Amino acid sequence: MVVVSLETGKVVEGGYKPSSDLDTHLELYRKYPQIGGVAHTHSTNAVAFAQAGMDIPALGTTHADCFYGDIPCTRELTKEEVESDYELNTGKVIIEEIEKRGYDVMSIPGIIVKNHGPFSWGSNADKAVYNAVVLDKVAEIDLKTLLLNKDAEMKQYILDKHYFGKHGPGASYGQK
Ligand SMILES: [Zn+2]
């Protein structure tokens, strides 16, 4: 990995080229100081939802342990956005979707960009990667669930029980 400036994106330490998605990551770090790591993959199941233009719905407790609600799919980028400053505009479209829906960015630490794929984040790089793995796994489970029952759903109280069991002041899961 290389160290780059948050403001300019210029390399300040290291001999490698930063990710081609650098400007997307920088936009997220600048907007949300609580984000300490961003991960981006083209994992198959999450990309399937991105290509379908569908949110990854919260249908079970595996999802609820990590993501407090559906994982949103953004709108598609316009021709101008793609042709002018693609990576930066990808970051802007992600932020637009989060702000439009009005949720805490850390409560659903991932999103899928339409026709592209998932971006996830966390308080550090490890957590961002962990969330990328869970995001794809819940997308895989959802694909199978929706094949079996296209009307599958989960009640809000089950989502609450599992999410708040792992997050926030009342968390009871795991070791002290
Ligand atoms: Zn990509």
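Computed from a prediction, not measured in an experiment: that's the story for all the values here.

Thresholds applied
Residues numbered from 1 in each chain as written. Predicted model: local features only at pLDDT ≥ 70, side-chain atom pairs only at ≥ 80, totals over all residues. Helix = DSSP H or I, 4+ residues; strand = E, 2+ residues; numbered from the N terminus. Buried ≥ 20, exposed ≤ 12 C-beta atoms within 10 Å, placed from the backbone. Core = buried A, V, L, I, M, F, W, Y, C linked by C-beta atoms within 7 Å. Expected span 1.5 Å × (residues − 1). Contact = placed C-beta atoms within 7 Å. Axes fitted to C-alpha atoms, helices over the stretch in contact; angles between N-to-C directions. Parallel < 35°, antiparallel > 145°, perpendicular 65-115°, else oblique. Left-handed = near helix turned anticlockwise from the far one by under 90°. Nonpolar A, V, L, I, M, F, W, Y, C, P; charged D, E, K, R; others polar. Pairing = 2+ DSSP bridges.

A. Here's a closer look at the environment of Gln156. Secondary-structure assignment places Gln156 in helix H6 (residues 156-166). Overall, Gln156 belongs to the exposed group, with 10 C-beta atoms counted inside 10 Å. Along the sequence, Gln156 and Gly170 sit 14 residues apart, while their C-alpha atoms lie 17 Å from each other.

B. Geometry of the nonpolar core. Core analysis: the largest hydrophobic core is formed by 31 residues, its most contacted members being Val38, Phe49, Ile71, Ile112 and Val113. Only strand S3 (37-40), helix H2 (44-52), helix H4 (79-101), strand S4 (110-113), strand S5 (117-122), helix H5 (125-148) and H6 provide two or more residues apiece to this core. At five residues, H5 tops the list of elements feeding residues into this core.

C. How the structure looks around H5. With 24 residues, H5 ought to run about 34 Å at 1.5 Å a step, and its terminal C-alpha atoms sit 35 Å apart, in line with that. On the buried face of H5, the contacting elements are S3, H2, helix H3 (61-64), S4 and S5.

D. Spotlight on the environment of Val138. Counting through the fold element by element, Val138 comes out in helix H5. Taking the C-alpha atoms as reference, Val138 lies 19 Å from Asn115; in sequence the two are 23 residues apart. Ignoring anything within four residues of it in the chain, the contact list for Val138 reads Ile56, Thr62 and His63.

E. The arrangement of the packing of H2 against H5 in detail. Axis separation between H2 and H5 bottoms out at 7 Å; the angle between their running directions is 65°. As far as their axial angle goes, H5 and H2 are roughly perpendicular. Where H2 crosses over H5, the handedness of that crossing is left-handed. Side by side, H2 and H5 meet where Asn45, Ala46, Ala48 and Phe49 of the first sit next to Leu135, Asp136, Ala139, Glu140 and Leu143 of the second.

F. How the structure looks around the packing of helix H1 (residues 22-31) against H4. Following both chains from N to C, one finds H1 and H4 inclined at 40°, their axes separated by 6 Å at the closest point. Taken together, the axes of H1 and H4 are oblique relative to one another. Where H1 crosses over H4, the two elements pack in a sense that is right-handed. On H4, the residues that touch Leu22, Asp23, Thr24, Glu27, Leu28 and Lys31 of H1 are Glu87, Leu88, Thr90, Gly91, Lys92, Ile94 and Ile95. When the residues that make up the contact of H1 with H4 are grouped by side-chain class, the tally is five nonpolar, three polar and five charged.

G. Looking closely at unusual backbone geometry. Phi is positive for Asn115, which is not a glycine, with a value near 65°. Counting through the fold element by element, Asn115 comes out in the loop between S4 and S5. Since 14 C-beta atoms lie within 10 Å of it, Asn115 is described here as partly exposed.

H. Summary view of the sheet that holds S3. Strand order in this open sheet of three strands is S3-S5-S4, and the pairing throughout is antiparallel. Every other strand in the sheet has two partners, leaving S3 and S4 as the edge strands with one partner each. Across the sheet, the axes of successive neighbouring strands diverge by a mean angle of 20°, strand direction being ignored. Across four bridges, the pairing between S3 and S5 is antiparallel. Residue His40 lies in a different strand from S5, and its bridge partner there is Phe119. Against the sheet, H4 touches S4 and S5, its axis set at about 120° to S4.

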